[in-house]
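Structural overview
Take a look at the letters that make up each chain.
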There are 2 protein chains.
Amino acid sequence: MKEYLKHHEWQIIEEGFDAHYNKISESIFSIGNGRMGQRANFEEEYSGDTLQGSYVAGVYYPDKTRVGWWKNGYPEYFAKVLNAPSWIGIHISIDSHKLDLAKCNVVNFVRTLDMKTGLLTRKFSAVLPDGKQVNVEAKRFCSMANGEVGAIRYALTPVNFSAKAVISIAVDADVVNKDSNYDEKFWEEVYRKAEDHQAIVVAQTKKTKFHVATGMRYAILQDGKEASKRINYEERDKYAGNIVQIDLNQGKEIVVYKYGAILSSENHAKDKLVANCQDVLNKAVEKGFERLFEDHAAVWKHKWDECDITIEGDIAAQQGIRFNIFQLTQTYTGEDERLNIGPKGFTGEKYGGSTYWDTEAYCLPFYLGTAEQQVAKNLLIYRHKHLQRAIENAGKLGFKNGAALYPMVTMNGEECHNEWEITFEEIHRNGAIAYAIYDYIRYTGDESYLSSHGLDVLVGISRFWAQRVNFSKDKNKYVMLGVTGPNEYENNVNNNWYTNYIARWTLNYTLESLANVKAGNVKDYSRIVGNLSLKDDETALWKKIADNMYLPEDKTRGVILQQDGFLDKDIMPVSQLAKEDRPLNQKWSWDRILRSCFIKQADVLQGLYFFEDDFDTDTIKRNFDFYEPMTVHESSLSPCVHVILASKLGYEEKAYEMYLRTSRLDLDDYNNDTEDGCHITSMAGTWLSVIKGFGGMRVKEDTLHFTPFIPKKWKSYSFRIEFRGRVIKVKVSNQRIETTLVSGDPFNIKINNEPVSLSHNKTFEKVLA
Amino acid sequence: MKEYLKHHEWQIIEEGFDAHYNKISESIFSIGNGRMGQRANFEEEYSGDTLQGSYVAGVYYPDKTRVGWWKNGYPEYFAKVLNAPSWIGIHISIDSHKLDLAKCNVVNFVRTLDMKTGLLTRKFSAVLPDGKQVNVEAKRFCSMANGEVGAIRYALTPVNFSAKAVISIAVDADVVNKDSNYDEKFWEEVYRKAEDHQAIVVAQTKKTKFHVATGMRYAILQDGKEASKRINYEERDKYAGNIVQIDLNQGKEIVVYKYGAILSSENHAKDKLVANCQDVLNKAVEKGFERLFEDHAAVWKHKWDECDITIEGDIAAQQGIRFNIFQLTQTYTGEDERLNIGPKGFTGEKYGGSTYWDTEAYCLPFYLGTAEQQVAKNLLIYRHKHLQRAIENAGKLGFKNGAALYPMVTMNGEECHNEWEITFEEIHRNGAIAYAIYDYIRYTGDESYLSSHGLDVLVGISRFWAQRVNFSKDKNKYVMLGVTGPNEYENNVNNNWYTNYIARWTLNYTLESLANVKAGNVKDYSRIVGNLSLKDDETALWKKIADNMYLPEDKTRGVILQQDGFLDKDIMPVSQLAKEDRPLNQKWSWDRILRSCFIKQADVLQGLYFFEDDFDTDTIKRNFDFYEPMTVHESSLSPCVHVILASKLGYEEKAYEMYLRTSRLDLDDYNNDTEDGCHITSMAGTWLSVIKGFGGMRVKEDTLHFTPFIPKKWKSYSFRIEFRGRVIKVKVSNQRIETTLVSGDPFNIKINNEPVSLSHNKTFEKVLA
């Protein structure tokens, strides 16, 4: 855990340049707009340690590299998130010295990410090897108002000299992935042209043939006027730009305005890319940096109005929650139903692919609570569109008759991850996709989704579970062998409780949903059952399996067992580990992790969170007390569940400790891996921690229930919730909870299980015990 | 299972050219000499489906390609067996048509491997697209008398035409591995030179910097005299040769004699390679093809005298056993203690690395029984030399204080395999390495090996086991979690019986060996204990663990359990599988294989074979009856154990069925994978099947015991055994067993548990019931 960033309510601030932290900062200060984005790489050249990364949503490479022994059933390819063409470069040489922060004396370095407006700013003074000092202020944003536009204002002042400078301003598609073997490059040039004050490169990805046009135009101002300069065009493979020779005069600032346009063939005809890119550039230049920024900031204002959480009395916590909401918002805007929430967003290339079970298990509630219903529905429809692919995927693994196994990782519905213990065995993802349908309907009341889409998916998943179990004569129960649960620190276990439980739940929920649709609309029911060729003996089998599913438990301790054989382990708390053993995934070999009792994320607790109404509080407490001490939280998805359960159980300090961990996971680099990128999907877990954890919000009886508490250190916290056409604001302080119906019809909620009537713009206050 | 090869006692014969079988034949007809060898690729160019492969013992490439998620603890590299420079090419064009069997009409094609003399012969008539017919007879061998020499006699007759021909004769290091990603090539040129009738190329491997000189000289004879021809030199990167223009006269045979020399920097100073290669070539040419062949055939005669097994009355079985002995003999000669028995020998590149547990578990008895004691001892010393590396390997996985984990696969003692479920978990290999020490001493009586080398290794391995187990409070026993047994169709299981058993056995055997050494020579004992810093509390712990090791069993059925939870599976015999499901590893996805009851090789039975004296026959029978029907034998190492146990149990038909499977595994391509190369190490299992299976040979009470039977179809079988300075011959027929002491002092053996005295050159006959 590192603490080198300044605490601030709305900003992330790095003071002083420490090359050692640079890759971590490049991740944290990343900016994006749902369509594209990039790490906080410098505009200048930088010869120090850096992970260069620009990304375009939906663009990937199907890597077929093979190593070791290929397991039958592996997918065709592993989807690499591609480092995409870069539009940010402004390379500067002064009298043959490059401005390169790795080779200068850097002072007064400040990097700031203003989350309120989505603006990345960097200021510094650099003393070149020959003693020349320049002051630089660089501002950059990726427009939330126009997902294809980015802009930079780069101001440079020669402090103690006058000299000739050469500025190279270009777009560069000659980029490489860090995880590329043999330095293979994944882009090929389609088009390039350098012109006066402008350059465009169109590059295509190998194999997938995505075309991406990357263009730039620029202006250089001195004394508020276009500076006099000499321009040469520079073109080489996948690269085009201008080389500008300009006189720097001591004390006189020059300002480079650079506009970037990034267009993908996902949104434009390939043969129109150049023309459309030109058009986008023209409009951006016409508008200019300031007005582009105003439009951008206005969108951010609207977003913050919708989803901000304020915390009084704890700046670190306030900064943490806003950072999470900021990253989540700039990663996925909910506008494009083909997109999903990549685990690293626009902050890194690691993991590959874009869609994980994270979306359903962690992100959906955030969008349900902060955006219009269609955004969450789009996430569900995304999976409905992939149903046929999920059936094909299951077919490749030997399942039949419409059984669906959704991929562990995907770009387009196909599985694109190839570790057998995950790809083939981490099948609990199927359960989360079923659960999301339930969660969506519970929240929105939109029962019609079942007959329009939901049952198709539920039946496909139920068919999978029914084929995936087998009957154990030894146990006289249905068992599920060879799975990996959400706790990925166990592989290929038998009877993972979470997986068995969610499978049983899916079967029951599907049966119940079928009955409900039948009761509501027999014609709908007949159509669905007919389309799916669903027979009574099939549903009868589901019931038999659900009624006889094996669920491992230890009656002596009164706890659920994570899986068969868990008690054979050497059970000990994390607190007994030496500091140098952590994080385990960097310090211990994989086999040692697997046979230890230590838990990456506690899937028993995950199940108790999902299905809390099935268990009494004592049971939840016994299991929390058993599993929490063994949990190392080396999954970013882990701490939020602990916040929610600890809050429920009244473990306020544990809840707060876990909250800090989830909300400042990347800011404080808890898991030593932020340099690879931020943990985007788990950021929704931070939101959950406040809303479902501290706020104790639940949807029950078709309305909202709150059982709030406030961490000791805080003065107050407040959040805004969209619920069935209404918006309510909730503010919790030490003494009271205030709820205000901001918009929508009056309705009744419950606070600490007591009914409360809300009417428009009235604030209801309730004193907390 | 395919049957396209002719049955013959001493030869492998393929009649007629079927391109579809070509890669399988290339594997089966491979030739080598312990130092080098190659697949039965054609001398001519061949544009059809082929796996080109030449190999040099000990030469590998450390591949660091990465895919997916790297597990902590993985070794630095994966050792690729390298396709090495080729010396066999004789490329022929006649009037602009290439002689390419993929593009000719091929008739009277016969490919023969004479196992008696190690000679590969190929005859055919080819009709070129323009109607010209040539007859070809090509003979090739890799000299067993000089491991650096190979020779070809390639005779070509123009049947119905006269024309100009161009013959390209070269050495070619510009080769690629089939498993190379991005077509990466692993050889770089160091030297090349084409001269009159000669060419030499020296190439080095990337990273590992092995240098290999490959040279060739040739002569072309017509009417017994050097033919008149025009020669041009041809050189390009990593390639050198002559291009010969020659007149072909209708009906007149020309004969190309090509001599190859393959020298590695493992045996020569790098700066002497060219000169020494020249020297080897000169000597080879001087000797000439016929005398080289005589020397070569003489070595084979000696080898066959030592290790032949004859079978009367069953040509398929006779051919099978000889094929196995032939391949095993040409793969490993026992002369170079740095080498070991690669799983594919010189027949393919698959699997990578050279040394597996196969050597100790399957191959050692073959060398004990057929070669002088030093050969088997060299195999043991190979591991002793790697002890420090094994300790380092264990250290990387978190083990301490001299615990040794031998690698799953190695070239030089380092682990070079990276599948976590194998590399980290298939730790039973350690047990086999300990068992080999016991097996060697039991066979040879060489107790001194314990104090000279054995105890070092045994203590290292025992230390590993003691740290690898943990105490289960739940079971009140020591357990071993997260292992993969020899049955690789289970991964990451708890309490694999075989692994737990061999671990317990190792601890006991080490304690017993320490006591024996102490009793025999206290000074030796003190030295060893001192060097190893072995303390009494450590050995006390070993005893405690051995006395309290958990061994899973099912008391109801009276069978051992392969691992915890095995009875949760859907238990069914292989006979219920549909034909299209086989082999499972090509038809089923990995997860389906893992959760099925089907067994790649039955490790419970492997344990009963190793430790048969610990169990009564009824127990062995119950377990055989339980596990055998679930075993798919998709490991080449599987059937031999079943032959041995079935023989012991009197299941004669099962024993014979399994024998055919092991002995003709590659000849009949049982597992659909012979095209990748032959299963060399399992060939020792075929030898075991006859000797320990049908012959019932055991070492007990410091002598040999036999309890023979003969398969119904056979008239007789006979073999020769070296044992403690003696050689005996055994012949078994329907009626009787004949044993002859060929050399060495008289001694007593037991046949069917009755004592028999053998004296020199006397044949003892015993009538069988």
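Notes on the structure follow. Everything numeric here is computed off the predicted structure, so don't read it as measured data. (Residues numbered from 1 in each chain as written. Chains lettered and ligands numbered in written order. Predicted model: local features only at pLDDT ≥ 70, side-chain atom pairs only at ≥ 80, totals over all residues. Heavy atoms only, no water.)

Across its full length, chain A carries 19 helices and 34 strands. Its C-alpha radius of gyration of 27 Å places chain A within 12% of the 27 Å reference for a compact globule of 769 residues. Each of the three principal axes of chain A carries a C-alpha extent, and together these read 85 × 60 × 55 Å. Among the 769 residues that make up chain A, the fraction classed as buried is 65%. For chain A, the share of sequence-separated contacts (at least 6 apart) that also reach a separation of at least 24 residues comes to 68%. With the model as given, the accessible surface of chain A reaches about 26900 Å², and the carbon-plus-sulfur share is 46%. Taken as two groups, the 96 positive and 106 negative side-chain charges of chain A have centres that lie 1 Å from each other. (Helix = DSSP H or I, 4+ residues; strand = E, 2+ residues; numbered from the N terminus. Rg over C-alpha atoms; globule rule 2.2 N^0.38 Å. Buried < 20%, exposed > 50% of the residue type's maximum accessible area, 1.4 Å probe, protein only. Contact = heavy atoms within 4.5 Å. Areas by Shrake-Rupley, 256 points an atom, 1.4 Å probe, with all protein chains shown as cover. Lys, Arg positive; Asp, Glu negative; His and termini not counted. Charge placed at Lys NZ, Arg CZ, Asp CG, Glu CD.)

In this section: helix H8 (residues 428-444) of chain B. Residues and elements named next belong to chain B. For H8, spanning 17 residues, the distance from its first C-alpha to its last is 24 Å, which sits close to the expected 24 Å at 1.5 Å a residue. A large share of H8 lies buried, amounting to 15 of its 17 residues. Taken from the residues just after H8, Gly445 is the one with a positive phi, measuring 75°. (Expected span 1.5 Å × (residues − 1).)

Our focus in this paragraph is the packing of aromatic side chains. Counting across every chain of the model gives 116 aromatic pairs over all chains. Summarising the aromatic geometry, the rings of A:Phe624 and A:Tyr651 are spaced 5.6 Å apart at their centres and angled 40° between planes, so their arrangement reads as tilted. Of this pair, A:Phe624 sits in helix H16 (residues 617-627) while A:Tyr651 sits in the loop between helix H17 (638-649) and helix H18 (652-663), and the two are 27 residues apart along the sequence. Residue classification places A:Phe624 among the buried positions, given a relative accessible area of 2%. Clustering of aromatic rings is evident, with ring pairs tying together A:Tyr435, A:Tyr438, A:Trp497, A:Tyr498, A:Tyr501, A:Trp505, A:Tyr509, A:Tyr609, A:Phe610, A:Phe611 and A:Phe615. A cation sits over an aromatic face here: B:Arg322 above B:Trp10, 3.6 Å from the ring centre. (Phe/Tyr/Trp six-rings, centres within 6.5 Å; stacked < 30°, edge-to-face > 60°. Lys NZ or Arg CZ within 6 Å of the ring centre and 35° of its normal.)

Attention now moves to the interface of chain B and chain A. In this assembly, 53 residues from chain B lie in contact with 55 residues from chain A. When chain B packs against chain A, close to 4700 Å² is buried across both sides, 50% of that on carbon and sulfur atoms. Three residues stand out in chain B for area buried against chain A, namely B:Trp69, B:Tyr182 and B:Asp568, and they jointly supply 18% of the buried area on that side. Between A:Lys71 and B:Glu421 there is a salt bridge, with the nearest N and O atoms lying 2.8 Å from each other. Taken together, the links from chain B to chain A amount to 28 residue pairs in polar contact (both at pLDDT 80 or more). (Buried area = accessible area lost by both parts, 1.4 Å probe. Salt bridge = Lys/Arg side-chain N within 4 Å of Asp/Glu carboxyl O. Polar contact = N/O pair within 3.5 Å; in protein donor to acceptor, adjacent residues only side chain to side chain.)

Backbone torsion omega between A:Arg582 and A:Pro583 reads -10°, so that peptide bond is classified as cis. Structurally, the position occupied by A:Pro583 is in the loop between strand E26 (559-560) and helix H13 (584-587). The backbone of B:Asn476 shows a phi angle near 55°, a positive value even though the residue is not glycine. With respect to the secondary-structure elements, B:Asn476 resides in the loop between strand E23 (470-472) and strand E24 (477-479). Under the relative-accessibility criterion, B:Asn476 is labelled exposed at 53%. One non-glycine residue, B:Asn492, lies in positive phi territory at about 55°. Tracing the backbone through its elements, the reader meets B:Asn492 in the loop between E24 and helix H10 (497-520). When its relative accessible area of 9% is taken as the criterion, B:Asn492 is described as buried.

All names here are of chain B. Of note, Lys648 is situated in helix H17 (residues 638-649). Since its relative accessible area comes to 34%, Lys648 is described here as partly exposed. As a C-alpha pair, Lys648 and Phe709 span 61 residues in sequence and 9.5 Å in three-dimensional space. Residues in contact with Lys648, not counting those within four places in the same chain, are Glu612 and Ile620.

On to the pattern of salt bridges. Applying the stated criterion across every chain, the model contains 122 salt bridges over all chains. Two residues, A:Glu43 and A:Arg122, come together in a salt bridge whose shortest N-O distance is 2.6 Å. Taken together, the residues span a long stretch of sequence, with A:Glu43 in the loop between strand E4 (36-38) and strand E5 (54-56) and A:Arg122 in strand E11 (residues 119-127) at a distance of 79 residues. In terms of burial, A:Glu43 and A:Arg122 fall into one category: buried. B:Arg39 is the partner of B:Glu26 in a salt bridge, and the nearest nitrogen-oxygen pair spans 3.1 Å. Residue B:Glu26 is found in helix H1 (residues 22-28), and its partner B:Arg39 is found in the loop between strand E4 (36-38) and strand E5 (54-56); the two are separated by 13 residues along the sequence. Just as B:Glu26 is buried, B:Arg39 falls in that class too.

What follows covers the sheet that holds E4(A). All names here are of chain A. The sheet built from three strands is open, its strands ordered E3-E4-E5 with antiparallel pairing. Both edges of this open sheet fall to strand E3 (31-32) and E5, since each of them pairs with a single strand only. As paired elements, E3 and E4 share two bridges and run antiparallel to each other. Within E4, the residue paired with Ile31 across the bridge is Gln38. (Pairing = 2+ DSSP bridges.)

For the pair chain B and chain A, the best superposition has an RMSD of 0.0 Å and corresponds to a rotation of 180° with a translation of 0.0 Å parallel to the axis. The superposition operator between the copies reduces to a two-fold rotation axis. Taken as a fraction of all interface residues of chain B, those also at the interface in chain A reach 98%, which identifies the copy contact as same-surface. (Least-squares fit on C-alpha atoms with pLDDT ≥ 70 in both.)

Residue and element names in this part refer to chain B. Pairing in this open sheet of five strands is antiparallel, and the strands run E22-E29-E30-E31-E34 from one edge to the other. Each of the sheet's edge strands pairs with one partner strand only, and the pair in question is strand E22 (310-312) and strand E34 (763-767). On average, each strand axis in the sheet is inclined to that of its neighbour by 15°, with strand direction left out of account. Where strand E29 (residues 716-723) lies against strand E30 (residues 726-733), eight bridges are found, and the strand directions are antiparallel. When the bridges of E30 are listed, Ile721 appears paired with Ile728. (Axes fitted to C-alpha atoms, helices over the stretch in contact; angles between N-to-C directions.)

All names here are of chain A. Mapped onto the elements, Glu44 comes out in the loop between E4 and E5. Within polar-contact distance, the side chain of Glu44 engages the side chain of Arg122 at 2.5 Å. In this structure the side chain of Glu44 is engaged in a polar contact, spanning 2.7 Å, whose partner is the side chain of Tyr154. Look past the residues within four positions of Glu44 in its chain and what remains in contact with it is Ile90, His91, Leu99, Leu101, Arg122, Phe124 and Tyr154.

When two helices pack together, their arrangement is given by the angle between their axes and by how far apart the axes lie. Residues and elements named next belong to chain B. Remark: H17 packs on helix H18 (residues 652-663), axes separated minimally by 8 Å, with the N-to-C direction vectors making an angle of 160°. Between H17 and H18, the angle is such that the two are roughly antiparallel. You can see that H17 and H18 cross each other, and the crossing is left-handed. Taking contact as the criterion, the partners of Pro639, Cys640, His642, Val643, Ala646 and Ser647 in H17 are, on H18, Lys654, Ala655, Met658, Tyr659, Arg661 and Thr662. Residues that form the contact of H17 with H18 fall into these classes: seven nonpolar, three polar and two charged. (Parallel < 35°, antiparallel > 145°, perpendicular 65-115°, else oblique. Left-handed = near helix turned anticlockwise from the far one by under 90°. Nonpolar A, V, L, I, M, F, W, Y, C, P; charged D, E, K, R; others polar.)

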